[in-house]
Amino acid sequence: MSRIGKKPVELPSGVTASVSGQTVEIKGPKGTRTFKATDDVTITVDGNVVTVKPRGTSKRARQQWGMSRSQVENLVTGVTTGFKKELEISGVGYRATMQGNTLKLALGYSHDVNFEVPEGVTVTAPKQTEITVEGIDQQLVGQVAANIREWRKPEPYKGKGIKYKGEFIFRKEGKKK
């Protein structure tokens, strides 16, 4: 039995859900999101509760049960509060600024890095050493944050680079004299 799959997903006020076939559509104050479930699960909407049940007892059906329920819950969270990733930049001369739809990063290269922000995500730079990525799609927010971080990962000796807020960077000791 899936402990996650057994729990129903509560819909807060202002959020509506509709199911057509295997596609779930969630509408909320921040937008609309959809999820297409596999044929191994059955999704039903009863008032303000969405329930997911497996079709059969196969291993794949039980796997999809918990995963589908988590996906539906992420849709509900996305259209109500949204998702947010915060990045910190550390290093002498490293900074970030927004210019229109482009994030300009000075990361110690001979040139500035221009990162085009994709549709469906909002990127802001409240300070020169902070970047905030927000949106209603959890996967897209995480991927954009990972793509920005990829330009200069934090290094283990001085900790210079782009890291997630609250991320621990394992530090190494330098050369011995």
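Let me sum up the structure you'll find in this document. If you're wondering where the values come from, they're calculated on a predicted model, not measured in any experiment. (Residues numbered from 1 in each chain as written. Predicted model: local features only at pLDDT ≥ 70, side-chain atom pairs only at ≥ 80, totals over all residues. Heavy atoms only, no water.)

Turning next to the overall build of the protein. Helix and strand counts for the protein stand at three helices and 13 strands. Whereas a compact globule of 177 residues would reach a radius of gyration of roughly 16 Å, the protein reaches 21 Å, over 25% beyond that. Counting only C-alpha atoms and orienting by the principal axes, one finds that the protein spans roughly 65 × 40 × 25 Å. For the protein, the proportion of its 177 residues judged to be buried stands at 35%. Taking all contacts inside the protein whose residues are at least 6 apart in sequence as the whole, residues at least 24 apart take part in 50%. Summing over all exposed atoms, the protein offers an accessible surface of approximately 10700 Å²; the carbon and sulfur share of this is 49%. (Helix = DSSP H or I, 4+ residues; strand = E, 2+ residues; numbered from the N terminus. Rg over C-alpha atoms; globule rule 2.2 N^0.38 Å. Buried < 20%, exposed > 50% of the residue type's maximum accessible area, 1.4 Å probe, protein only. Contact = heavy atoms within 4.5 Å. Areas by Shrake-Rupley, 256 points an atom, 1.4 Å probe, with all protein chains shown as cover.)

Right, let's get into helix 3 (residues 138-150). Over its 13 residues, helix 3 runs 18 Å from end to end, which matches the ideal 18 Å to within 8%, given 1.5 Å per residue. Along helix 3, the residues classified as buried are Val141, Val144, Ala145, Ile148 and Arg149. The buried residues of helix 3 occupy one face: seen down the axis, they fall within an arc of 135°. Facing away from the buried surface of helix 3 by more than 90 degrees, the exposed residues are Gln139 and Glu150. Here the buried face of helix 3 lies against strand 7 (83-90), strand 9 (102-106), strand 10 (113-116), strand 11 (121-124), strand 12 (130-135) and strand 13 (161-164). For helix 3, the side-chain oxygen to backbone nitrogen distance between the N-cap and glutamine 139 is 3.3 Å, and the N-cap itself is aspartate 137. (Expected span 1.5 Å × (residues − 1). Arc of directions from axis to C-beta. Polar contact = N/O pair within 3.5 Å; in protein donor to acceptor, adjacent residues only side chain to side chain.)

Turning our attention to the sheet that holds strand 11. Across the sheet, four strands lie side by side as 11-12-7-13; this open sheet has antiparallel pairing. Taken across any chain shown, the strands that pair with only one partner, and hence form the sheet edges, are strand 11 and strand 13. When strand polarity is set aside, the average angle formed by the axes of neighbouring strands in this sheet is 20°. Of the strand pairs in this sheet, strand 7 and strand 12 are connected by six bridges, and their pairing is antiparallel. By the bridge assignment, lysine 85 is partnered in strand 12 with valine 133. Along the sheet face, helix 3 touches strand 7, strand 11, strand 12 and strand 13 and points at about 10° away from the line of strand 7. (Pairing = 2+ DSSP bridges. Axes fitted to C-alpha atoms, helices over the stretch in contact; angles between N-to-C directions.)

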